[in-house]
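# Coordinates in review
If you want the building blocks of each chain, they are given just below.
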Amino acid sequence: MDHNDSFREFMAAHQQSLMRTAYLLTGDAYLAEDLLQSVLVKMLGRWPKLAHVASPQAYARKALVNQYISWRRRLVRMAELPTAEPPERSHSSEESTIARLAMQKALARLPPRQRAVIVLRYYEDLTERETAKLLNCSIGTVKSQAHDAIARLRALAPDLAPRFAEMEYLEGAHR
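Conventions used here
- Residues numbered from 1 in each chain as written.
- Predicted model: local features only at pLDDT ≥ 70, side-chain atom pairs only at ≥ 80, totals over all residues.
- Heavy atoms only, no water.
- Helix = DSSP H or I, 4+ residues; strand = E, 2+ residues; numbered from the N terminus.
- Buried < 20%, exposed > 50% of the residue type's maximum accessible area, 1.4 Å probe, protein only.
- Contact = heavy atoms within 4.5 Å.
- Areas by Shrake-Rupley, 256 points an atom, 1.4 Å probe, with all protein chains shown as cover.
- Axes fitted to C-alpha atoms, helices over the stretch in contact; angles between N-to-C directions.
- Parallel < 35°, antiparallel > 145°, perpendicular 65-115°, else oblique.
- Left-handed = near helix turned anticlockwise from the far one by under 90°.
- Nonpolar A, V, L, I, M, F, W, Y, C, P; charged D, E, K, R; others polar.
- Expected span 1.5 Å × (residues − 1).
- Arc of directions from axis to C-beta.
- Salt bridge = Lys/Arg side-chain N within 4 Å of Asp/Glu carboxyl O.
- Core = buried A, V, L, I, M, F, W, Y, C linked by side-chain atoms within 4.5 Å.
- pLDDT = per-residue confidence, 0-100.

## Quick look at the overall build of the protein chain
Along its length, the protein chain carries eight helices and zero strands. For the protein chain, the α and β elements follow one another from N to C terminus as α-α-α-α-α-α-α-α. The proportion of buried residues among the 175 residues of the protein chain is 37%. Excluding contacts between residues fewer than 6 apart, the proportion of contacts in the protein chain whose partners are at least 24 apart in sequence is 63%. Of the roughly 10,500 Å² of accessible surface on the protein chain, 52% is carried by carbon and sulfur atoms.

## Digging into the packing of helix α1 (residues 3-26) against helix α5 (residues 112-123)
Where α1 contacts α5, the axes come no closer than 9 Å and their chain directions differ by 140°. When the axes of α1 and α5 are compared, the pair comes out oblique. Crossing of α1 against α5: the hand is right-handed. Contacts between α1 and α5 pair R20, T21, Y23, L24, L25 and T26 from the former with R115, A116, V119 and Y123 from the latter. Taken together, the residues of the contact of α1 with α5 sort by class into six nonpolar, two polar and two charged.

## As for helix α7 (residues 139-156)
An ideal rise of 1.5 Å per residue puts 26 Å on 18 residues; α7 measures up with 25 Å between its terminal C-alpha atoms. Taken together, the buried positions of α7 are V142, Q145, A146, A149, I150 and L153. All buried residues of α7 fall inside an arc of 135° around its axis, so they share one side.

## Concerning the pattern of salt bridges
Scanning the model with the defined rule gives three salt bridges in all. D5 is the salt-bridge partner of R8, the closest N and O atoms lying 2.8 Å from each other. One end of the pair, R8, and the other, D5, are both in helix α1, three residues apart, so they sit about a helical turn from each other. A salt bridge links R61 to E124, with the nearest nitrogen and oxygen atoms 3.7 Å apart. On the criterion of sequence distance, the pair formed by R61 in helix α3 (residues 56-77) and E124 in the loop between α5 and α6 (128-135) is long-range, its members being 63 residues apart. Accessibility assignment for this pair places R61 and E124 in one class, buried. Among the ionic contacts, a cluster of salt bridges with common partners joins R20, R61 and E124.

## Side note on the packing of α6 against α7
Two numbers describe how α6 lies on α7: the axes approach to 8 Å, and their chain directions differ by 100°. For the element pair α6 / α7, the angle class is roughly perpendicular. Contacts between α6 and α7 involve E128, R129, T131 and A132 from the first element and I139, V142 and K143 from the second. For the contact of α6 with α7, the per-class residue count stands at three nonpolar, one polar and three charged.

## Notes on the nonpolar core
Core analysis: the biggest nonpolar cluster contains 43 residues, and F10, L25, M43, L64 and I118 have the highest contact counts within it. If sequence neighbours within four positions are ignored, F10 has contacts with Q15, L18, M43, W47, P56, Q57 and A60.

## Focus on the confidence of the model for the protein chain
With 77% of its residues at a pLDDT of at least 70, the protein chain reaches an overall mean of 80. Mean pLDDT across the elements of the protein chain bottoms out in helix α8 (residues 161-173) (60) and peaks in α6 (91).

## Remarks on α5
Across its twelve residues, α5 extends 15 Å between first and last C-alpha, which sits within 8% of the 16 Å expected from 1.5 Å per residue. Taken across its twelve residues, α5 has nine buried, putting it largely inside the fold. One or two positions beyond α5, positive phi appears at D125, with a value near 60°.

Written out as structure tokens, the structure is:
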């Protein structure tokens, strides 16, 4: 099997999961596609070496987070930020849809590092240790970033208090 076939197999198995991570980081489907594409192009060039890494998916996830943070820094320097407003729904009355949109809006207003911690810990269900490794920081930093992010989310979206209480409970159980 050549390297291109190996990369295609990797993509077939993990593209959907990586796209979800990219979307949760960016909050925008088009930006998520761009983010994932830029990471995958870089990975393809390095695939002969990456194919032998213990977890190429973890490498890709870390690359997504790093690229996202880099993009956000660049956007801030250029004074251009994507809008945090979710698209309006014409007539959705389901509470889960409203809660999901409110959460997306609140997540979009977090600083990039805090957002990455929340996405990795609670959406990707990674441990504090795995999150710290991906973000190249200490477990204590992950804990403090999660704590600060949850407090900020609580202020940004008080209607979602039960979800944040569950997050705080999970963080407290790991201390």
